2 protein chains.
Amino acid sequence: MNIALAQINTKAGDIAFNKDKIIGCISRAMNNHIDLLVFPQLSISGGPLYDIAGMPDFIDKCYAALEDICSAATDIDVLVGMPVVSGDDTFNAAVHISRGTVKGYYSKAMPFDRSELPFFAGVDSPYFYDEEALEQEGMPEYMIMCGNKKVLISLGDDLQFIDTLPCFTPSERDERPDCIVHMAQKVFFHDIIEDDLEYLSGLAADLQVPLVSVNGVGGNTDVVFYGSSAVFNAKGQLIRKLKNFEEDFAEVDLSPDFRNKIISLPVKSASAKVRHAYKAIALGMKDFFEKQGFTSACLGLSGGIDSAVVAAIAVDVLGPDRVYAVMMPSRFSSEHSVSDARQLAKNLGISCDKISIEPVYDVFISSLNPVFKGLPFSVAEENLQARIRGTLMMAVSNKFGHLLLNTTNKSEAAVGYGTLYGDSCGALSLLGDLYKTEVYELAEYINRNGEIIPKNIILKAPSAELREGQKDSDSLPEYDVLDKILYHLIEDNMSVLEVMSEGFELESVQRAACLLKSAEHKRHQFAPVIKVSRCTLGKDRIIPIVSNY
Amino acid sequence: MNIALAQINTKAGDIAFNKDKIIGCISRAMNNHIDLLVFPQLSISGGPLYDIAGMPDFIDKCYAALEDICSAATDIDVLVGMPVVSGDDTFNAAVHISRGTVKGYYSKAMPFDRSELPFFAGVDSPYFYDEEALEQEGMPEYMIMCGNKKVLISLGDDLQFIDTLPCFTPSERDERPDCIVHMAQKVFFHDIIEDDLEYLSGLAADLQVPLVSVNGVGGNTDVVFYGSSAVFNAKGQLIRKLKNFEEDFAEVDLSPDFRNKIISLPVKSASAKVRHAYKAIALGMKDFFEKQGFTSACLGLSGGIDSAVVAAIAVDVLGPDRVYAVMMPSRFSSEHSVSDARQLAKNLGISCDKISIEPVYDVFISSLNPVFKGLPFSVAEENLQARIRGTLMMAVSNKFGHLLLNTTNKSEAAVGYGTLYGDSCGALSLLGDLYKTEVYELAEYINRNGEIIPKNIILKAPSAELREGQKDSDSLPEYDVLDKILYHLIEDNMSVLEVMSEGFELESVQRAACLLKSAEHKRHQFAPVIKVSRCTLGKDRIIPIVSNY
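Definitions and cut-offs
Residues numbered from 1 in each chain as written. Chains lettered and ligands numbered in written order. Predicted model: local features only at pLDDT ≥ 70, side-chain atom pairs only at ≥ 80, totals over all residues. Heavy atoms only, no water. Core = buried A, V, L, I, M, F, W, Y, C linked by side-chain atoms within 4.5 Å. Buried < 20%, exposed > 50% of the residue type's maximum accessible area, 1.4 Å probe, protein only. Helix = DSSP H or I, 4+ residues; strand = E, 2+ residues; numbered from the N terminus. Contact = heavy atoms within 4.5 Å. Buried area = accessible area lost by both parts, 1.4 Å probe. Salt bridge = Lys/Arg side-chain N within 4 Å of Asp/Glu carboxyl O. Polar contact = N/O pair within 3.5 Å; in protein donor to acceptor, adjacent residues only side chain to side chain. Patch = residues over 30% accessible without salt bridge, like charges linked within 9 Å, V, L, I, M, F, W, Y side chains within 5 Å. Areas by Shrake-Rupley, 256 points an atom, 1.4 Å probe, with all protein chains shown as cover. Lys, Arg positive; Asp, Glu negative; His and termini not counted. Charge placed at Lys NZ, Arg CZ, Asp CG, Glu CD. Disulfide = S-S within 2.5 Å. Least-squares fit on C-alpha atoms with pLDDT ≥ 70 in both. Axes fitted to C-alpha atoms, helices over the stretch in contact; angles between N-to-C directions. Parallel < 35°, antiparallel > 145°, perpendicular 65-115°, else oblique. Left-handed = near helix turned anticlockwise from the far one by under 90°. Nonpolar A, V, L, I, M, F, W, Y, C, P; charged D, E, K, R; others polar. Pairing = 2+ DSSP bridges. Right-handed = clockwise from strand over helix to strand, strands pointing away. Phe/Tyr/Trp six-rings, centres within 6.5 Å; stacked < 30°, edge-to-face > 60°. Lys NZ or Arg CZ within 6 Å of the ring centre and 35° of its normal.

Right, let's get into the nonpolar core. Ranked by size, the top nonpolar core spans 78 residues in total, and within it Leu301, Val309 and Ile313 of chain B carry the most contacts. Among the elements that line this core, the one with the most residues is helix H6 (residues 305-318) of chain B, at eleven residues. Each residue touching Ile313 of chain B, except ones within four places of it in the same chain, is listed here: Tyr278, Ile281, Ala282, Leu430, Leu431, Leu442 and Ile446 of chain B. Ile162, Leu197, Ala341 and Leu431 of chain A belong to the second-largest nonpolar core, a separate cluster that totals 76 residues.

Structure follows, in structure tokens:
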């Protein structure tokens, strides 16, 4: 049996866009005499859908697109994904098209989660249905026939229950499928590519059945589907691996007598981790712009590491002509801030203007004077500087139609080290799910073939430069300590005492935990963040603003 | 049997705070020789919990508090709510304490939803468990014995499945309970109070069993539990009704021979709707401040209706000495804007300063000139004014510790008529779930006993005053039309054609639908909004920013 995998980049809710892409792949596969062409989960509708699935006529439009797709698939079997309705519920389903007609619908275990992210873990009875199969006695409802081959369908996280299906009990040996087709839209986070391939390999080996896993690819607002679709033989050996973070198409012959080349499983490493994070962020940004029709970006360059890394990624994605930078120094900016930023702009080949915030700041202060009545300099004046910068950048964004890139990192977002409506501004945050120490790793990766980010930016001590001689380490532990503490609190969900027992000072841990708690209101109004970690703040960890735990 | 209802205001995650309140009620009930004291759902933990339920040790701390509560409940039966663990799952459960010891745990049908808002509608088999009952053969596991009375427990939305329980089948007549106890934390939205009482009354009458429904009360970030706990006799007649939007405590004798006075069910009306919305918003704001320890608010007064209504509510909640207003006129502000705002401040007895945004605006424009290079006045300059105002108010907020109140309404939030990081600023939005026409109704309600909001503010045409002679109706349909269109699109989830068939111009409907779609990114970074409608934007209707439906 010849199977083709179409690892496509869909657009959430854009049925016409997705349909054209699907029909293109069908033509290609028919030309190549493929038996079965498989698309990712929810390929007709795109995703994550949230409440799009409930919009008027949306599912009717999916069914209409399905008809057009059927008309195109005259001489092939196809598995595509879309939301379908059964009774009062909407299901995430695979649709089996065989030579131009729908043969059946195969539903995911649970009704729609709003986001279709992993959520319903712990469900024990997957639910499938298939109009044809239910009539045709003796055929399990979660399987299709493709030619004379039995193909078992599994959608997304349902795969974890697959070994509980009756066809895998020893007594039902004759019912075992000839292959498993897994249709997914898996969201990227650190190490998931290697971990998931290892899991899939183990599953195929355990079940002793070839496994074809087709994943979507592409950025959709704040998540990135990572591709890496793969095919395993009945020994669990990897025999085909599609690209990470790019659209791809592959054909594979699963006939038992066909000798597929064995590929070794990729292994986790520090360098793979940073490379994948970079590619995920770049793809996330690219699709955020392209799918909305934006072509240019702007950002503030402080001379610090975060804005330097964001600028470098932006130039990689859009090209130097489409990235516009502004330096906005104040009386507290050091000499090197401007010169470092200038050097960076030169290295990247982007245009960079300078607007001092001093004149605006002075008039703000004198306008506020009757109200402030000579009270001493405080966080109000610190934040004012950040908000002037945010306002200047938004004026540039509004005037020229550049999308403003946010430059906050996860360490800052976690402890609230940043100004709401100042640092929090932006259409998209590229680094909001990377700790400060990980941002440095990204900078080294960017410089792997030569200096793009000036050395001095990487070497100098981080500072917000909102008051005289300020360094981040004045009010926070050094980032190499803080980031480890935060990782334990957030990713490991440890208590203060548990973190302390890992070898950190109680006072530092308590302070970090307290800051993490009190910055919830800032994260609530933060720019959307591209997910690259297992626990993205504000998405995977939601704490009500008014609470005390 | 004497039952007491403790309609308490808990704090999400604050176990110590909630425990003290619970123990206080237990003392009171024991003094009054109550047989059974009932608390709302999740009374020990508070709610909505979202990911608080998964914080380290959180559930252990709930169990520890439960022990203290048991020690206090020496001579009474009590039903309290908390999250409990069974196997790998966390359940929302009722705990039955009888004379100092835990008799059993009764779980809600489904494992925890993150928010514990209605979500798992459509579940068909409620799941309960009770260690004691499982041992004691013949006793259904969803029932407790209290003295010699059988009490059936139902948590939150599980009530909708109650008629499917075996005890209500005709063959199990002897198993019927003597009363149903319903423990809830129901979130306010328009008309829910009357609708829910009617539903509960019908349920008690259908089942022919007395029904005691205990609801929580109080604001928790963006939702308000509305109280209105109630007791119905076996005919479905209302025999006790606790206060709306306030803590309350009531005792009721459910002995069949005790003659309780019958109370008529409240009926829906336009005046009740606006009164309840006002009270919900006031309570939501009060608890947002009190539960976080904030005591004062600031806001910008434009001379328009929205800021006037917010100021009046703020004064009602905090008192005039704790509300600080700032007028921030520009060259585009009309004469009456300042005089109307001044009159309002005078009526409310609040202090009000004036800061012209002109000097700051001029310096911004000259600072931006080298970049803007003489391009004509555009949305950039319009938004700049709103952002200067936001920045000024945040400076005041930061300097004095006043929380900034947001003044945007739902019509504006829906169509994106407002500036991100300008109008969107604020710790809390009071009006973000009320259409503009509903804001006018609130203004009339505020003026019910005499003029607080000056007539001229209510009568003049709405304007953002961001360019010469601007009126909202220049770029939007009149609000009485727009609001109806938006209501159909949002609350009724109608398609453009369906709305048109209700008698609106196609062009207006298309424009509103298009604006609603394109303002998603603004709502993503908006201040938290107190929920008062069935479909709150950004909470009950989540559309990914990058999408096309």
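What follows covers the interface of chain A and chain B. Taken together, the contact pairs 76 residues of chain A with 76 residues of chain B. Carbon and sulfur atoms make up 67% of the surface buried where chain A meets chain B, a total of about 6,600 Å² over both sides. Summed over the three residues of chain A that lose the most area to chain B, namely Lys399, Tyr421 and Val546 of chain A, the buried surface amounts to 11% of that side. Lys399 of chain A is paired through a salt bridge with Glu381 of chain B; the nearest N and O atoms lie 2.9 Å apart. For the pair chain A and chain B, the number of links is 24 residue pairs in polar contact (both at pLDDT 80 or more). The element that contributes the greatest number of residues to the side of chain A that touches chain B is helix H9 (residues 379-400) of chain A, accounting for 15 residues.

On the surface, a cluster of negative charge is made up of Asp57 and Asp60 of chain A together with Asp492, Glu498 and Glu502 of chain B. Inspection of the secondary structure assignment puts Glu502 of chain B in the loop between helix H15 (496-500) and helix H16 (506-518). Look at Glu502 of chain B and you get partly exposed, because its relative accessible area is 46%.

Moving on, we get to the state of the cysteines. Linking two cysteines covalently via their sulfur atoms produces the bond known as a disulfide. Residue and element names in this part refer to chain B. Per the stated rule, a full pass over the model turns up zero disulfides over all chains. Cysteine Cys298 remains unbridged, with the sulfur of Cys425 as its closest cysteine sulfur at 11 Å. With relative accessibility at 0%, the residue Cys298 sits in the buried group.

After a rotation of 180° and a shift along the axis of 0.0 Å, chain A superposes on chain B with an RMSD of 0.0 Å. Expressed as a symmetry operation, the mapping of one chain copy onto the other fits a two-fold axis. For chain A, the minimum C-alpha distance to the rotation axis belongs to Gln525 of chain A and amounts to 2.1 Å. In this assembly, 100% of the residues forming the interface of chain A have copies in chain B that are likewise at the interface, indicating an isologous arrangement.

Turning our eyes to something else, we now look at a nonpolar patch on the surface. Residue and element names in this part refer to chain A. Where nonpolar side chains cluster on the molecular surface, the patch consists of Leu497, Met500 and Leu506 and spans about 250 Å² of accessible area. Following the sequence through the fold, Leu506 ends up in helix H16 (residues 506-518). Taking relative accessible area as the criterion, Leu506 reaches 33% and is therefore assigned partly exposed.

This part is about the packing of helix H8 (residues 358-372) of chain A against H9 of chain A. All names here are of chain A. Look at H8 against H9: their axes get within 11 Å of each other, and the N-to-C directions meet at 140°. Classed by the angle they form, the pair H8 and H9 counts as oblique. Judged by the twist between their axes, the crossing of H8 over H9 is right-handed. When H8 is examined against H9, the residues Val360, Tyr361, Phe364, Ile365, Leu368 and Phe372 are found in contact with a partner set consisting of Ala380, Glu381, Leu384, Gln385 and Ile388. Taken together, the residues of the contact of H8 with H9 break down into nine nonpolar, one polar and one charged.

This part is about the sheet that holds strand E15 (residues 297-300) of chain B. Within a sheet, adjacent strands bond to each other through the backbone by hydrogen bonds, running parallel or antiparallel. Residues and elements named next belong to chain B. Across the sheet, which stays open at both edges, the five strands sit in the order E17-E16-E15-E18-E19 with parallel pairing between neighbours. Both edges of this open sheet fall to strand E17 (351-354) and strand E19 (428-429), since each of them pairs with a single strand only. Where strand E18 (residues 403-406) and E19 come together, two bridges link them in parallel fashion. Note that in E19 the partner of Asn406 across the bridge is Ser429. In this fold H6 packs onto E15, strand E16 (323-327) and E18, with an angle of close to 165° to the strand it touches most, E15. Strand contacts of helix H9 (residues 379-400): E15, E16 and E18, with the helix running at about 165° to E15, the strand carrying the most contacts.

Attention shifts here to the pairing of strand E9 (residues 211-215) of chain A. Residue and element names in this part refer to chain A. Burial analysis of E9 places five of its five residues in the buried class, the great majority of the element. Burial along E9 is two-sided: Leu211, Ser213 and Asn215 and Val212 and Val214, pointing in opposite directions, are all buried. What joins strand E8 (residues 179-184) to E9 is helix H4 (residues 192-207), and the crossover it makes is right-handed. Pairing of E9 with strand E12 (residues 230-232), which is carried by three bridges, proceeds in the antiparallel orientation. In the sheet register, Ser213 faces E12, and the bridge partner there is Ala230.

Attention now goes to the sheet that holds strand E6 (residues 143-146) of chain A. Residue and element names in this part refer to chain A. Overall, mixed pairing links the six strands, which are arranged E6-E7-E8-E9-E12-E13 in an open sheet. Every other strand in the sheet has two partners, leaving E6 and strand E13 (238-241) as the edge strands with one partner each. Within the sheet, the average angular offset between the axes of one strand and its neighbour, ignoring direction, is 20°. Contacts from H4 reach E8, E9, E12 and E13, with the element oriented near 30° to E12.

By the definition in use, this model includes 17 aromatic pairs over all chains. Between Tyr63 of chain A and Tyr105 of chain A, the aromatic rings sit 6.2 Å apart at their centres with planes inclined by 65°, giving edge-to-face as the arrangement. Of the two residues, Tyr63 of chain A sits in helix H2 (residues 58-72) while Tyr105 of chain A sits in strand E5 (residues 101-111), which places them 42 residues apart along the sequence. The exposure class assigned to Tyr105 of chain A is buried, which follows from its relative accessible area of 10%. Note on Tyr278 of chain A and Tyr445 of chain A: the rings are 5.1 Å apart at their centroids and 50° apart in plane angle, and the pair reads as tilted. Of this pair, Tyr278 of chain A sits in helix H5 (residues 270-290) while Tyr445 of chain A sits in helix H11 (residues 436-446), and the two are 167 residues apart along the sequence. As far as the burial class goes, Tyr278 of chain A and Tyr445 of chain A line up, both buried. Through successive ring pairs, a cluster of aromatic residues spans Phe188, Tyr226 and Phe245 of chain A. Of note, Arg448 of chain A hangs over the ring of Tyr445 of chain A, and the distance from its end group to the ring centre comes to 4.0 Å. The side chain of Lys11 of chain B reaches across the aromatic face of Phe17 of chain B, ending 5.9 Å from its centre.

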